[in-house]
Amino acid sequence: MRLESKKSAARAGGVVFGLLAAAGTAHADFALNMTPGVSSVSREVYGLHMLLLWICTAIGVLVFSAIIYSVIKFRRSKGAVAAQFHHNTTVEIVWTVIPMLILISIAVPATKVLVVMEDTSNSDLSIKVTGYQWRWGYEYLDEGISFISSLDRQSDLARQRNPVIKPREVENYLLEVDNPVVVPVGKKIRFLLTSNDVIHSWWVPALGWKRDAIPGYINELWTRIEEPGIYRGQCAELCGRDHAFMPIVVKAVPEDEYRAWVEEQKARMAPGRQEPAQAANPAPASQPQQALPPAAAAAQDVVAEPTLAELMQLGEQAYLTNCASCHQADGTGMPPMFPALKGSPVVAGDIDAHLEVVLRGVPGTAMVSFAHLSDAELAAIVTYKRNAWGNDTGELIRPADVRAAR
Amino acid sequence: MAQAQGGYYVPHGSYWPLVGCIGLTTSVVGASGYFNGDWSIWPLLVGAAIMAVMFFGWFGTVIHESVSGVYNSQVDRSFRWGMTWFIFSEVMFFGAFFGALFYARVFSVPWLGGEDIVTNQLLWDSVNLRWPTAGPGFGHLEWEPMGAWPLPTINTLLLLTSGVTLTIAHHALKANQRLKLVLFMWATVLLGTTFLIFQGYEYIHAYRELNLRLDTGIYGSTFFMLTGFHGVHVIIGTVALLVITLRCMRGHFTPGHHFGFEGVAWYWHFVDVVWLGLYIFVYVL
Amino acid sequence: MTAMTHEAEHHGPPSNFFQRWLFTTNHKDIGTLYLVFSLVMFFIGGAMALIIRAELFQPGLQLVDPYFFNQMTTLHALVMIFGAVMPAFTGLANWMIPIMIGAPDMALPRMNNWSFWLLPFAFAILLSTLFMPGGGPAGGWTMYPPLMLQHGMSFPFVIFSVHLMGISSIMGAINVIATVLNMRAPGMSLMKMPMFAWAWLITGFLIIGVMPVLAGAITMLLTDQYFGTTFFSAAGGGDPVLYQHIFWFFGHPEVYIMILPAFGIISAIIPTFSRKPLFGYSSMVYAIASIAFLSFLVWAHHMFTVGMLLAGSLFFMYATMVISVPTGVKVFNWVATMWRGSLTFETPMLFAIAFVILFTIGGFSGLMLSIVPADFQYHDTYFVVAHFHYVLVTGAVFSIIAATYYWLPKWTGHMYDERLGKWHFWLSVIFVNILFFPQHFLGLAGMPRRIPDYALQFAEFNMISTIGAFGFGFAQLIFLWVIIKCVRGGEKAPAKVWDGAEGLEWTLSSPPPYHSFTTPPVIPETEAPAR
Ligand code: HEA
Ligand code: HEA
Ligand code: CUA
Ligand SMILES: [Cu+2]
């Protein structure tokens, strides 16, 4: 038996090592450890993490050595005879007090870091972040800019059950969005997190922390990014079917570049132009052109009196971005949880009732209000729904109709 | 009957537990179907009826065994421990609802109503909230909170008195004064019943005159959940007291051997104490 | 010991199958029912875990819809916790505690039957939701609102099935406490009890203290959904986070409910195979008691990211860290018990040693999680998943497996197949580490939990983990086979199965008579603390 167990142990080591080695050569991208990140906070957190790791490793080595020593040394097969002692007050006190001291030595730096993290005062700009199932909405409170940020089209295509492109062919698979949050470096940025439906959690590892977005309440989180770059994260609180598919991309740029971006956005948001803000930065650096233009981009071209064809085209885009995750691209839904819109009496019926559902949601269900979309987008979506998939009502809903229904 | 350890009574098999499982399962499946709107309320009622039969049968067996004297003092102690820990679990159950009440009053309502400035300004139009409130989204509701006077205070006195009458009955039992025992037991049952009638009246008053409902925001939620679950316990307690009273009249208990009586008495006192908590935190403060 | 002189009073089990198993009031039969039920649930929950792992084998969605994936995650956890681990411990308590403390049976035998039989009904309801329109629960085992309120028709069924499980565990716990407090043989003082009885006494207290709180929390979910209450909705003055507080007030003690009995088991096995008394018996008792006490004060460490008050975060951080101290005392005491012993390595001992090492690893990651700023990064990642599987699988489950090997000869009267047992052990211990160790890396590298699909940099470790999962899963088929083989026959086991074992259970024949101690054994005044 002794021999057998040793052999097994060797085998165990071999298997683990082999697998790790195989993994190492297969893909150079994988990480073993937390990222130190790009802000002072994230580096402090990383330091704390490494401190913990080393303390645990050290205690582990001590405890496990004692076990292994006993297993080797005090085995009956080697003639060990059992001593009969069964307590020793001194050692028991020692191994109560020493861990206590170790814990204090951890608690002190941990408390310091925490106090710094919780202090959101004196920020330079505030961005309100709203979680939606399953996308993020951003609102620059000081600038009056707002937009919605969703999973990019490429990832969205690749994440289907029988995809037209493979996940491995998509760069930054599941970590890319259509409209990233653009922020200046070197500024204290305060994020105000909330949610429109269920709890989400806004997490960009490089910034060192995550915080929950809770409907009806606002949570705060701040950062001061030190290096320009693109930092990726994702929703970290189970929020339903597409929880895995609501990434976050933060694009940190130098101050002047940021100002330019802001001006551009403001111009876009200016009164009289009824489209949603579109982060017009030429798709994030890491990614070439996006295969399909985001729905919102098309919305810019919609005039007050669009044609049916225009609305259908824009509507399809916006529908795919906002609605298809529940009601499916072909409008068949996933009954009974998510009703089909194809042939739905609501969709075919009274326009006001239809708009009511979309603008107010259905309380107590996953169907939340989509009032955060622009009039143009909503008009397009509703028009699209009423004419697609054989719902041929031939009706055309104009942005003004939506505005009136709000 | 297997007896051991100076007569520890280990009962032989019984089908009542299984009936209990079937009853509970029918009840909850029935309730689920009912909540989903798929079924009428009948399956739920059938389940409840099975439960009633089960309690009747099971306790009947236990009473029979107890009266025939197979339980020794050790068995009695097991029952006492069982009852004690059962009541403890009930205390914790109420603890969850009290926790909700405290949380709402100490944290969530103040936060929403101004203490948490960003939340208040950005999401709730800087609305100012103070307890009692239905919450920032329910500002359009016209309703009034339930005052501590007169009904709740009268109810408090009723319950406290019932605790006293029950204790007098207990002493009478120990002193073997049957008439006094029975009279004070009936008094206790009567007080419990009066409490329930008043509470029913209070609810009607709330719904009809105050427009205070279960869905009147957090105030209505905590008010009706706490008083409602308490009321359910009073109903159970009153029924139990009634049974005990009838058993007293049948002469089931002896001055030295009356766990059934004491178990119900403990339960009643527990219901009483919970009411005091309710009275203070739901009505007065 | 005067135990086995009462053959005359021996009553056999009823011969009628239904009478014996459905109506039973016998602690051994009920214990057996619990254990068998738990094993079935372990395989069902494990099969769900394998579906999870299979989907995660590669990036992209290959096998299941994301919504179904979430159902698997949710049900896997509920089945494992309420169906596998807790019933297994209750089963062990039923079988062993009366024997260990010299009692004829459990204190409340009929209620004992009820606690068990509620479970199959509860799980029938829970699992049936998978076949309902809209599918089963998909909000995670924590059932947070508002997400939990977005379910189809399964919602009330799930809530009520959890209620039934709660009622069952409360009754089981009341029974254990009443038994331990009231049924001890004369001379079996509390401080002479085996650690397993101690651990369960305290566990029972935890169960009764927190299961009703869970019941309260999910009842509020129910009324929020169907009666318009607003406990968890800001518009009505409530708060979704309120649910989390109530849930974790239950949830954290719950995880100790799943580990304290394990401590008891390990404290029985290690002395036996070290042939040496348990080191520090009384400090072990105090350690368990303080862990249980502290467990009521740390719940919010599961919710550091919800945005608590600073003072709150600090309090919960410190309180959580302190739990490491009594837990450390236990680990050190086990090591000191092995120190200068005379060790042999039968299967139960192998699992026990693996428990000490791997549980400690899980404890270390727990300590790391308790540090608030670091938890801001760890929270809701696979680092947490790795943490709790180390404490639950290589902790709770390993202890249950160890207990099974340890007492199987006592239960069946036959020795199990030691060679197969060793195979089971080595395969398990190797694969379980392949399964869960890489999840630490995944979590640190940024992989969130509860996702069916992930970014490409997580591909390698997920693949390794999945291989480990299937290896570990199939290794459990050996366990199943060992048990079946042992029940059906084998070398006869003596009363005292292990030469180093001490305690009343080893004074009874293997298998013990249907009613254990029909007259109480006498525990000598002088006897050293039991092991
Ligand atoms: C059996 C179950 C079990 C056990 C025993 C533990 C034990 C511990 N757990 Fe764990 N935990 C879970 C089950 C368990 N946990 C589960 C299921 C979850 C996730 C729930 C969910 O979200 O779904 C969780 C999550 C969880 C979190 C939340 C993480 C998050 O979501 O962000 C935290 C944070 O503090 C935590 C901490 C701890 C600590 C400090 C211990 C301590 O008790 C550990 C103490 C032990 C040791 C430290 C090792 C031995 C000690 C020594 C050798 C002495 C010397 C050591 C030092 C001084 C460091 N656990
Ligand atoms: C005691 C509790 C317990 C146990 C024993 C386990 C055991 C296992 N767990 Fe589980 N797990 C949890 C408690 C537990 N888990 C909890 C609480 C969660 C959190 C849920 C949440 O987020 O809400 C979780 C979540 C969880 C996840 C994360 C899911 C996600 O975040 O989306 C994963 C992924 O790898 C996982 C894997 C496993 C595996 C591979 C095992 C293995 O150890 C299982 C091994 C056993 C078998 C495989 C059985 C053998 C089966 C066969 C051999 C074949 C099948 C046979 C038949 C059908 C007859 N678990
Ligand atoms: Cu949003 Cu997860
Ligand atoms: Cu915990």
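Here, the structure is the one placed above.
Residues numbered from 1 in each chain as written. Chains lettered and ligands numbered in written order. Predicted model: local features only at pLDDT ≥ 70, side-chain atom pairs only at ≥ 80, totals over all residues. Heavy atoms only, no water.

1. Describing the overall build of chain C
Moving on, step 1. Looking only at helices and strands, chain C features 16 helices and zero strands.
Moving on, step 2. Whereas a compact globule of 531 residues would reach a radius of gyration of roughly 24 Å, chain C reaches 23 Å, a difference of no more than 12%.
Moving on, step 3. In terms of principal-axis extent, the alpha carbons of chain C reach across some 70 × 50 × 45 Å.
Moving on, step 4. For chain C, the accessible surface area stands at approximately 12900 Å², while carbon and sulfur atoms represent 73% of it.
Moving on, step 5. Computed over 20 positive and 22 negative side-chain charges, the inter-centroid distance for chain C is 9 Å. (Helix = DSSP H or I, 4+ residues; strand = E, 2+ residues; numbered from the N terminus. Rg over C-alpha atoms; globule rule 2.2 N^0.38 Å. Areas by Shrake-Rupley, 256 points an atom, 1.4 Å probe, with all protein chains shown as cover. Lys, Arg positive; Asp, Glu negative; His and termini not counted. Charge placed at Lys NZ, Arg CZ, Asp CG, Glu CD.)

2. Overview of the interface of chain C and chain B
Moving on, step 1. Opposite the 66 residues of chain C that make contact, chain B presents 70 residues.
Moving on, step 2. With both chains or domains summed, chain C and chain B bury close to 5500 Å², and 75% of this area falls on carbon and sulfur atoms.
Moving on, step 3. Across the chain C-chain B interface, the total number found is one salt bridge.
Moving on, step 4. Between Arg110(C) and Glu65(B) there is a salt bridge, with the nearest N and O atoms lying 2.5 Å from each other.
Moving on, step 5. Here chain C and chain B share 16 residue pairs in polar contact (both at pLDDT 80 or more) between them.
Moving on, step 6. Sorting the residues of the side of chain C that touches chain B by element identifies helix H4 (109–128), helix H5 (154–182), helix H6 (195–226) and helix H7 (240–257) of chain C as the ones contributing at least two each.
Moving on, step 7. Broken down by element, the side of chain C that touches chain B gets its largest block of residues, 12 residues, from H6(C). (Contact = heavy atoms within 4.5 Å. Buried area = accessible area lost by both parts, 1.4 Å probe. Salt bridge = Lys/Arg side-chain N within 4 Å of Asp/Glu carboxyl O. Polar contact = N/O pair within 3.5 Å; in protein donor to acceptor, adjacent residues only side chain to side chain.)

3. Quick notes on the site of ligand 2
All names here are of chain C.
Moving on, step 1. Neighbouring ligand 2 are 34 residues, the closest being Arg53, His76, Trp141, His389 and Arg450.
Moving on, step 2. One nitrogen or oxygen atom from the side chain of His76 is found 2.8 Å from a nitrogen atom belonging to ligand 2.
Moving on, step 3. Those elements giving two or more residues to the shell around ligand 2 turn out to be helix H2 (27–55), helix H3 (66–101), helix H14 (382–412), helix H15 (418–445) and helix H16 (459–488).
Moving on, step 4. Here the shell around ligand 2 gets eight residues from one element, more than from any other, and that element is H2. (Near = heavy atom within 4 Å.)

4. Focus: a nonpolar patch on the surface
Moving on, step 1. A cluster of nonpolar side chains, contributed by Phe102(B), Val106(B), Phe107(B), Ile280(B), Phe281(B), Val284(B), Leu285(B) and Leu309(C), occupies part of the molecular surface with about 690 Å² of accessible area.
Moving on, step 2. Elements supplying a minimum of two residues to the nonpolar patch: helix H3 (73–115) and helix H8 (259–284) of chain B.
Moving on, step 3. Locating Phe281(B) in the fold gives a position in helix H8. (Patch = residues over 30% accessible without salt bridge, like charges linked within 9 Å, V, L, I, M, F, W, Y side chains within 5 Å.)

5. As for the interface of chain A and chain C
Moving on, step 1. Tallying the contact residues gives 105 residues for chain A and 111 residues for chain C.
Moving on, step 2. Both sides of the chain A and chain C interface together cover about 9300 Å² of buried area, and 71% of this is carbon and sulfur.
Moving on, step 3. When the area that chain A buries against chain C is broken down by residue, the three leading residues are Trp95(A), Arg161(A) and Leu238(A), summing to 7%.
Moving on, step 4. Inspection of the chain A/chain C interface yields two salt bridges.
Moving on, step 5. Residue Arg241(A) pairs with Asp65(C) through a salt bridge whose shortest N-O separation is 2.8 Å.
Moving on, step 6. At the junction of chain A with chain C, the criterion picks out 24 residue pairs in polar contact (both at pLDDT 80 or more).
Moving on, step 7. At the level of secondary structure, the elements contributing two or more residues to the side of chain A that touches chain C comprise helix H1 (2–26), helix H2 (40–73), helix H3 (89–117) and strand S7 (209–213) of chain A.
Moving on, step 8. Considered class by class, the residues forming the side of chain A that touches chain C number 64 nonpolar, 24 polar and 17 charged. (Nonpolar A, V, L, I, M, F, W, Y, C, P; charged D, E, K, R; others polar.)

6. Digging into the coordination of the copper ion (ligand 4)
Residues and elements named next belong to chain C.
Moving on, step 1. At 1.8 to 2.1 Å from the copper ion (ligand 4) lie its protein donor atoms, namely His252 (ND1), His301 (NE2) and His302 (NE2).
Moving on, step 2. Read from N- to C-terminus, the donor residues coordinating the copper ion (ligand 4) fall into the pattern H-x48-H-H.
Moving on, step 3. The distance between the copper ion (ligand 4) and the iron atom of ligand 1 is 4.5 Å. Here His252 is found in helix H7, whereas its partner His301 is found in the loop between helix H9 (281–295) and helix H10 (310–322), with 49 residues between them in sequence. Exposure class is identical for His252 and His301. Each is buried. (Donors = N, O, S within 2.8 Å, 3.2 Å for Na, K, Ca; no water. Buried < 20%, exposed > 50% of the residue type's maximum accessible area, 1.4 Å probe, protein only.)

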